[in-house]
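Examining the three-dimensional arrangement
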Amino acid sequence: MFLSSLAIANDGMWLPLLLEKLNEKEMKSLGMKISAKDIYNVNSGSLKDAIVSFGGFCTGEVISTKGLVLTNHHCGLESVQSHSTIDHNYIRDGFWAKNFGEELSNPKLYVTFIARMEDVSKQILTGVTPSMTESERQSAVDKNINEIKKTAKKESYQEILVKGFFEANQYYLFVTETYKDVRLVGAPPSSIGNFGQDTDNWMWPRHTGDFSMFRIYAGKDNKPAEYAPGNVPYIPKRSLSISLDGVAEGDFTMVFGFPGKTTEYLPAVAVQQIMEVNNPAKIAIRDKALAVMNEFMRKDEQIKIQYTKKYSTIANPWKKWRGEILGLTRTDAINKKKIYEAEFQKRINLPAGRQGANPQWKEQYGNVLSELEAAYAELKPLGKARDYYFEINSKIELFTVARRINALRNAKNNGGKYDYAEGLTKLKDTLPDFYKNYSPVLDKKMFEVLISMYVNDQDSKMVSPLLLMQINAFNKDVSKLADDIYGGAEYTAANKIVPVLEKNPAELLERTKTSKASVLYDDMLATYNREVASKLNEVQNRINKLQRLYMQAQMEVMKERNFYPDANSTLRVTYGNVKGYNARDGVKYDFITYLDGLVEKYIPGDYEFDVPEKLRSLYKTKDYGQYGKNGKMPVCFIATNHTTGGNSGSPALDAYGNLVGLNFDRAWEGVMSDISYDPSICRNIMVDIRYVLFIMDKYAGAGYLVKEMKLVHPKKGK
Ligand code: GLU
């Protein structure tokens, strides 16, 4: 029964190019009213022409014929932040440009359209043999990629991208168009755009208006152009119509976007290691790091401002990893994988002549699972050491400075990949900003707490001998060592380092010989390289090769399963139905939330749950205009779409391809969907497009932007 359920699991992040062949029938059975060609078609405009990769880390969609792009608040936040000052605090108060002239440029931001995609597996894998090492294989593949980049058909303003799929068993080519003049049009205040913050993050029921708005500008010929004041709003091949009818439970929806990374085809042993070794190690370290930050942020307003963003950056994956362990445990993911693997092995071992037997399988794939098992046993201590090293090192900010200065010294001494002049400019650019948000007292406490974990919680051979010596010299008292290192450190204050960097960088590099932080960092890195990195790379390469073989084997042997490639930041479609879920014993969640729930969560003055006065007053008067329904204002809804990070900002489309919502998160019980999707509890969270328009129009007074959009009523046949 479990195996037959594989074929109807409803999960998947599908390639738009293959929808017609693989998915159209199922999509229609779930309620879709348009065809696969309406979604992806290279010959005439299709929905894909309205979808962009937003800055390479999120998704956006074009919603007007003048190049207006919608994405999440958390995706546009960096741009909003870069334009904010004490006097014009756009993060706190929101921002809306009243005309084209007020739209704000963002030098580093870009959006990328996909013009077309093509299966190029055959060309890319020419000359690749199974006996090649990973690096030999990579060189052969790179050579073929370079070749294809030279010969593939494209326009002068387009680019070619080639990516591996199914563990690099297949390759696809993408012809892309990147627009680099993307201007900020508007964003709600963070009390709306990030309502609920860390407490509500990864949770349902949700009331976050997680959106912001940009506009693509093009050269006069409508083609990509570098930023110039004279650029004009881009006229898209396609923009999305917006449905004001909302969704009902059971409605078809699909999410179109650029999901970042999933690992759905790992063996049970790998999932077990994530659950029992890697996630717990990273969580334990972050538990302590967050507690240190929290302690200081609570008692010092200045530190709170400096560390709010850093806190969320650490807390966001930390919370997800915890949910992941719970979800994998609750859905018995390891056992399910083991049953699947037993069936896989049984089919491979079938004696010749039996129905379904293939005598070649045994030779080709007979040992793949046992070899993976052995490789993961070797990986276990190395993976834990890697997590300890990187988690701890990246959270002690004194080491962040030491790492960068030491790297610059190495570049000067040895040349190589990292260019000295480039590195110097970058350090001069970024170091002053780093110190604006640096608290040495907090960092010293972080050092004490995390260095104790580094020393006490792992095998002593993974620990820097110099550090052990220093700790022993202070009678094992890490806080004394911290006093010593932070007391005299040249790296703890901007004025001890930034002027030297400006005037005489050579002197600064010379200091790495005596600076306690630099010397200790060097020894920790050397220890890691000696005891962990080289062995880890070897084992990881072996695992990658075996995982590629296992992927190929699964696709050949487990034929009834619908295989989709793991997310790799390329354009995908996922689809499902609007649906509530049973969160836990006795608790059933509805599929939609309303403004009523937002006001219920209101805590005056709270940094997470404050509600702006104007929104409360609109609620009181029920002044929802054309966006409300039966006197209520919908805010968020959930569906069974299989999404991940990178799908942030993706459009949720109805059965006709109209925009009904904006994807921004997943619900806590199902965040293990990156590793194992379960249709009973995996839900993506979207902000209802009517709430987005209501906030723009009624709250922010930016109704002139709504006029640019095409609003429709598909349920009323309009
Ligand atoms: N909200 C998620 C994040 O912050 C992105 C969307 C998802 O992973 O479902 O990473």
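Residues numbered from 1 in each chain as written. Predicted model: local features only at pLDDT ≥ 70, side-chain atom pairs only at ≥ 80, totals over all residues. Heavy atoms only, no water.

1. Section: the pairing of strand β15 (residues 581-584)
Worth spelling out the cut-off: For two strands to be treated as a pair, DSSP must find no fewer than two bridges joining them. Each helix is a run of DSSP H or I of at least 4 residues and each strand a run of E of at least 2, with the numbering of both proceeding from the N terminus.
When β15 meets strand β16 (residues 587-589), the two strands line up antiparallel, connected through three bridges. Directly across from Tyr581, in β16, lies its bridge partner Tyr589. What sits between β15 and β16 in their antiparallel hairpin is a turn of two residues, with Gly586 showing a positive phi close to 85°.

2. Brief notes about the environment of Asn663
Selection criterion: Here, residues are in contact when the closest pair of their heavy atoms is within 4.5 Å.
By the element assignment, Asn663 lies in strand β20 (residues 659-666). Along the chain, Asn663 and Met686 lie 23 residues apart, while their C-alpha atoms are 4.1 Å from each other. Discounting residues that sit within four places of it in the chain, Asn663 has contacts with Asn72, Val255, Thr643, Asn647, Ser648, Gly649, Ser650, Asn684, Ile685 and Met686.

3. As for the site of the ligand
Cut-off, in case you're wondering: We call a residue near a molecule or strand as soon as one heavy atom of that residue lies within 4 Å of the molecule or strand. Polar contact is the term for a pair of N or O atoms within 3.5 Å; when the atoms are in protein, one must be able to donate a hydrogen and the other to accept it, and sequence-neighboring residues count only if both atoms are side-chain atoms. A 1.4 Å probe and the Shrake-Rupley method give the accessible areas. Residues count as covered only by the protein chains that appear here.
Around the ligand, the neighbouring residues are Trp202, Asn316, Thr644, Gly645, Ser648, Phe664, Asp665 and Arg666. Interatomic distance of 2.9 Å between a backbone N/O atom of Gly645 and an oxygen atom of the ligand. For the ligand, the protein covers 88% of the area, taking 290 Å² as the surface of the free molecule. At three residues, β20 tops the list of elements feeding residues into the shell around the ligand.

4. Some points on empty space enclosed by the protein
We count it as follows: Think of a 1 Å grid over just the protein atoms. A cavity is a set of points where a 1.4 Å probe fits yet cannot get out, a pocket is an open set with protein on both sides within 12 Å along at least five of seven lines, and lining residues have an atom within 4 Å of a point. Grid points are joined across faces, edges and corners, and a volume is the space filled by probe spheres set on the points. Under the convention adopted here, Pro, Cys and the residues Ala, Val, Leu, Ile, Met, Phe, Trp and Tyr are nonpolar, Asp, Glu, Lys and Arg are charged, and Gly plus all remaining residues are polar.
Under the definition given, this model contains three cavities of 30 Å³ or more. By volume, the largest cavity amounts to about 40 Å³. Along its surface, the largest cavity is lined by Ala385, Tyr389, Tyr454, Gln458, Met462, Met524, Tyr528 and Val532. Of all the secondary structure elements, the ones that give two or more residues to the lining of the largest cavity are α15 (368-395) and α23 (516-557). By residue number, the principal contributor to the lining of the largest cavity is α23, which donates three residues. Across the lining of the largest cavity, the residue classes tally to seven nonpolar, one polar and no charged.

5. Observations regarding the packing of helix α17 (residues 420-436) against helix α21 (residues 494-503)
Here is the rule we go by: Each axis is a line fitted through C-alpha atoms, taken for helices only over the stretch in contact, and angles between the N-to-C directions span 0 to 180 degrees. Working definition: roughly parallel below 35 degrees, roughly antiparallel above 145 degrees, roughly perpendicular at 65 to 115 degrees, and oblique for all remaining angles. Note on convention: near helix rotated counterclockwise from far helix by under a right angle means a left-handed crossing. Clockwise means right-handed.
At a minimum axis distance of 10 Å, the contact between α17 and α21 shows a crossing angle of 160°. In terms of their interaxial angle, α17 and α21 are classed as roughly antiparallel. Where α17 crosses over α21, the handedness of that crossing is left-handed. Here α17 contributes Leu424, Leu427, Lys428, Leu431, Pro432 and Tyr435 to the contact with α21, which in turn contributes Ala494, Ile497, Val498, Leu501 and Glu502. Its residues placed into classes, the contact of α17 with α21 shows nine nonpolar, no polar and two charged.

6. Describing the packing of aromatic side chains
To keep things clear, this is the line we draw: Classification of ring pairs uses Phe, Tyr and Trp, with its six-membered ring standing for Trp, and accepts pairs whose centres are within 6.5 Å; under 30 degrees between planes counts as stacked, over 60 as edge-to-face, and the remaining range as tilted. In this scheme, a residue with accessible area under 20% of its type's maximum is buried, one over 50% is exposed, and one in between is partly exposed, where area comes from a 1.4 Å probe on protein chains only.
Under the defined criterion, the tally for this structure stands at 26 aromatic pairs. Here the aromatic rings of Tyr624 and Phe694 are separated by 5.6 Å at their centres, their planes lie at 85°, and the arrangement is edge-to-face. With Tyr624 in the loop between α25 (613-621) and β18 (634-639) and Phe694 in helix α26 (residues 689-699), this pair connects stretches of sequence that are 70 residues apart. For the pair Tyr624 and Phe694, a shared accessibility class is recorded, and that class is buried. An aromatic cluster is built from Trp14, Tyr265, Phe563 and Tyr564, whose rings are joined through pairwise contacts.

7. Let's talk about the nonpolar core
For soluble globular proteins, nonpolar side chains are generally found buried alongside one another. Worth spelling out the cut-off: What is meant by a nonpolar core is a set of buried Ala, Val, Leu, Ile, Met, Phe, Trp, Tyr and Cys residues, joined one to another through side-chain atoms within 4.5 Å.
With 211 residues, the main nonpolar core has Met254, Phe447 and Tyr691 as its most contacted residues. Residues in contact with Met254, not counting those within four places in the same chain, are Met27, Met32, Ile34, Ile39, Leu47, Val573, Thr574, Tyr575, Asn641, Pro651, Ala652 and Leu653. Membership of the second largest hydrophobic core comes to 13 residues, among which are Ala115, Val120, Ile124 and Val141.

8. Thoughts on helix α11 (residues 268-299)
Condition: A helix's residues, less one, multiplied by 1.5 Å, set its expected span. Two axes are fitted around each residue, one to the seven residues ending there and one to the seven starting there, and the angle between them is reported as the bend at that residue.
Look at α11: 45 Å from first C-alpha to last across 32 residues, which is about the 46 Å you get at 1.5 Å a residue. Bending of α11 peaks at approximately 40° at the position of Ile274.

9. Quick word on the state of the cysteines
Just so we agree on the cut-off: Only a pair of cysteine sulfur atoms within 2.5 Å qualifies as a disulfide here.
Tallied over the full model, the rule gives one disulfide. A sulfur-sulfur distance of 2.2 Å marks the disulfide that ties Cys58 to Cys75. Its S-S torsion of approximately -80° makes the covalent link between Cys58 and Cys75 left-handed. Of this pair, Cys58 sits in strand β2 (residues 58-62) while Cys75 sits in helix α5 (residues 73-82), placing them 17 residues apart in sequence. The same class applies to Cys58 as to Cys75, namely buried. Between Cys636, a free cysteine, and Cys75, which holds the nearest cysteine sulfur, the sulfur-to-sulfur gap is 15 Å.

10. Some details on the pattern of salt bridges
To be explicit about the condition: What counts as a salt bridge is simple: a side-chain nitrogen of Lys or Arg found within 4 Å of a carboxyl oxygen of Asp or Glu.
Across all of its chains, the model carries 42 salt bridges by this definition. The closest approach of N and O atoms between Asp200 and Lys601, which form a salt bridge, is 2.8 Å. With Asp200 in helix α10 (residues 197-200) and Lys601 in helix α24 (residues 595-601), the pair connects residues that are 401 residues apart, well separated along the chain. Of the residues examined, Asp200 reaches a relative accessible area of 8% and is grouped as buried. With a relative accessible area of 21%, Lys601 lands in the partly exposed category. In this structure, Arg215 engages Glu708 in a salt bridge whose closest nitrogen and oxygen atoms are separated by 2.9 Å. Highlighted residues: Arg215 in strand β10 (residues 212-218) and Glu708 in the loop between α27 (703-706) and β22 (711-712), separated in sequence by 493 residues. The pair formed by Arg215 and Glu708 is uniform in burial state, with each residue classed as buried. Through salt bridges with shared partners, a single network forms among Lys320, Glu324, Arg666 and Asp674.

11. Regarding unusual backbone geometry
In this structure, Pro205 follows Trp204 across a cis peptide bond, with omega equal to 0°. By secondary structure assignment, the location of Pro205 is in the loop between α10 and β10. Despite not being glycine, Trp202 has its phi angle at roughly 60°, a positive value. Tracing the backbone shows Trp202 in the loop between α10 and β10. Under the relative-accessibility criterion, Trp202 is labelled buried at 9%. Within the chain, Lys476 stands out as a residue other than glycine whose phi angle is a positive 65°. Inspection of the secondary structure assignment puts Lys476 in the loop between α19 (465-473) and α20 (478-487).

12. Quick notes on the packing of α25 against α26
With their axes 11 Å apart at the nearest point, α25 and α26 run at an angle of 105° to one another. Regarding the angle of α25 to α26, the classification is roughly perpendicular. Here α25 contributes Lys614, Leu615 and Leu618 to the contact with α26, which in turn contributes Tyr691, Phe694, Ile695, Lys698 and Tyr699. For the contact of α25 with α26, the residue count by class is six nonpolar, no polar and two charged.

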